[in-house]
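Spelled out, the chains give:
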Amino acid sequence: LAATHCLRMGFPDVFDDVEVLALYIGALGHDAGHFRLNNAFLKNSKHTLFRKYPDSVLENFHLGLVFELVEDPEVGIAEHLDPAQLARFKELVTHLILATDMSKHRILVDRFKDWMTRSKEEHARRRRDAMLHDTIASDVTSTTDNTDNTDGSAHHSDAGHADLGHTRGDDDGHQRWAGWVEPAVANASPEDKTLVMQLLLKCADLGNVVRPLEIADAWGKRIMEEFYQQGEKELALGLPLTTFPNRKNFDYIFARHQNGFLVNVVKPLFETFTQLTDFDTRESVLSSAAENGDAWSQRENANRPGANKGGAKKQRSKEGSLSLVQRSRSSFSNARSGSSRFRGNTQHWMKAFKESNLTMLTSNAMEMKGLEIAFEENYGAGDEVRAAVRLCVPFIPRLELIRLAELRL
């Protein structure tokens, strides 16, 4: 809610009362009743909610709880809206909360970028038309000695440029927004204005990642704990792994996860959306994102498994010129030659395997789980996982092989 309010205050005054109410109620209720499991778990476990809401399971669940509260006479929200306002309010809240489903993220961001492009082009066209009008008016007034007409034309010209300039300011003349922003949002179609509100709430939803580092760390660790607990449930129930299954190498995994999420999702979202906010808001958010990214990158490098082991560095340097197959064969033969070198050589092979054309998902899984990894076909990498299983069979504990066989993997 606080992030939603801060982002809204960085906007021109373009939202009406119903839209502001919908934004704030959407922010308060977008995770109402959340029980620390994600949509993938509910789908894979055939949860009751998944059977009720096949699409955007949790988001529809949150929305239902919000509407129960809104319509509760003791809460007293619905009674302050007339029927038309209430219907519009519910429609907006529905669009806002369903937009927080991350599976819809790319679609919404692409639509928003398309709207921004169209809005900037329209603004540029209007500027060209205004400048052409002013030029013609200036030519006309220069051919007459009518002082009243000349003054009127000059006044009209100045007004046109003030309205269509590159930036817009506050009452003190301080430049706050790009010139195209206010007319674009104010004159947007209902669908496009709703899209702007959806992106605003999405930024607020993911905003903890770009808050000061201490706060970002605190909330990030809470989310990681949810991931761990879900991963443990997935392992216990024999479900496909969709989150982290154990807490091994936590400092490294946490920093890598936070930085990856920032770089690939959060920072691009804010870089796009804050083109609509005032310059102070944009600078504050993006500078915080840069500082957090630097801190997490340093932690990731400092806590990378084996990063401080001289022997491992020498071994990687020595094997650097070998092909993946050669390194794999060498690791396997060396591992078989002596039990004392079993773990180290297998780790070298793991690192070599990860340097091949693996998906990030499989690479992360291998690093998280180390050698005793329960490769599961449904984990998300298909042929790569099957290939890894075949090559790693000699190094997987017998009980784990039995478990994989029982799961028909």
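As the structure is a prediction and not an experimental result, all values here were calculated from the model.

Student: Help me out: how do you make sense of the packing of helix α1 (residues 2–9) against helix α10 (residues 190–205) in this one?
Tutor: Packed helix pairs are specified by the crossing angle of their axes together with the interaxial distance, meaning the distance between the axes. For the pair α1 and α10, interaxial distance at closest approach is 8 Å and the crossing angle is 130 degrees. When the interaxial angle is binned, α1 and α10 end up oblique. As α1 runs across α10, the sense of the crossing is right-handed. Within the contact between the two elements, α1 uses Ala3, Thr4, Leu7 and Arg8 and α10 uses Leu200, Leu201, Cys203 and Ala204. When the residues that make up the contact of α1 with α10 are grouped by side-chain class, the tally is six nonpolar, one polar and one charged.

Student: I'm lost on the packing of aromatic side chains in this one. Help?
Tutor: Two aromatic rings, taken as a pair, are described by how far apart their centres are and by the angle between their planes. Using the criterion set out here, one finds eight aromatic pairs in the structure. Here the aromatic rings of Phe35 and Phe61 are separated by 5.9 Å at their centres, their planes lie at 70 degrees, and the arrangement is edge-to-face. Here Phe61 lies in helix α5 (residues 57–70) and Phe35 lies in the loop between α2 (17–29) and α3 (39–44), a separation of 26 residues in the sequence. Look at Phe35 and you get partly exposed, because its relative accessible area is 30%.

Student: What is the right way to look at the side chain of Lys193 in this model?
Tutor: Looking at the element boundaries, Lys193 is found in helix α10. For Lys193, a relative accessible area of 12% gives the class buried.

Student: Sorry, what's going on with the environment of Val20 here?
Tutor: Within the secondary structure, Val20 sits in helix α2. Classification of Val20 as buried rests on a relative accessible area of 14%. Considering only alpha carbons, one finds Val20 and Arg8, twelve residues apart in sequence, at a separation of 8.5 Å. With sequence-adjacent residues up to four places away left out, Val20 is seen in contact with Arg8 and Phe15.

Student: Is there a simple way to explain the environment of Gly231 in this structure?
Tutor: When you line up the elements, Gly231 lands in helix α11 (residues 213–237). Accessibility expressed as a relative area gives 0% for Gly231, which makes it buried. For the pair Gly231 and Thr243, spaced twelve residues apart in the sequence, the C-alpha separation amounts to 5.2 Å. Look past the residues within four positions of Gly231 in its chain and what remains in contact with it is Leu241, Thr243, Phe244 and Pro245.

Student: Sorry if this is basic, but what is going on with the nonpolar core here?
Tutor: It is characteristic of soluble globular proteins that their nonpolar side chains tend to be buried jointly. If you look at the biggest cluster of nonpolar residues, it comprises 67 residues, and the most contacted ones within it are Phe11, Phe15, Phe89, Phe112, Trp115 and Leu276. Ranked by residues supplied to this core, first place goes to helix α12 (residues 250–273) with nine residues. For Phe11, the contacting residues outside a window of four places in its chain are Trp177, Val185, Val196, Leu200, Phe273, Leu276 and Thr277. The next biggest cluster of nonpolar side chains, apart from the first, holds ten residues, and it includes Leu37, Leu49, Phe50 and Val57.

Student: I'm lost on the pattern of salt bridges in this one. Help?
Tutor: A pair can form between side chains of opposite charge whenever their charged atoms are brought close. This structure, assessed with the given rule, holds 16 salt bridges. When the shortest N-O distance is used, the salt bridge between Asp278 and Arg176 registers 2.9 Å. One end of the pair, Asp278, is in the loop between α12 and α13 (279–302); the other, Arg176, is in strand β2 (residues 175–178), and 102 residues separate them in sequence. For Asp278, a relative accessible area of 7% corresponds to the buried category. The residue Arg304 makes a salt bridge to Glu300 at a minimum N-O spacing of 3.5 Å. Each of Asp16, Glu19, Arg88 and Lys193 takes part in one network of salt bridges that share partners.

Rules used throughout
- Residues numbered from 1 in each chain as written.
- Predicted model: local features only at pLDDT ≥ 70, side-chain atom pairs only at ≥ 80, totals over all residues.
- Heavy atoms only, no water.
- Axes fitted to C-alpha atoms, helices over the stretch in contact; angles between N-to-C directions.
- Helix = DSSP H or I, 4+ residues; strand = E, 2+ residues; numbered from the N terminus.
- Parallel < 35°, antiparallel > 145°, perpendicular 65-115°, else oblique.
- Left-handed = near helix turned anticlockwise from the far one by under 90°.
- Contact = heavy atoms within 4.5 Å.
- Nonpolar A, V, L, I, M, F, W, Y, C, P; charged D, E, K, R; others polar.
- Phe/Tyr/Trp six-rings, centres within 6.5 Å; stacked < 30°, edge-to-face > 60°.
- Buried < 20%, exposed > 50% of the residue type's maximum accessible area, 1.4 Å probe, protein only.
- Core = buried A, V, L, I, M, F, W, Y, C linked by side-chain atoms within 4.5 Å.
- Salt bridge = Lys/Arg side-chain N within 4 Å of Asp/Glu carboxyl O.

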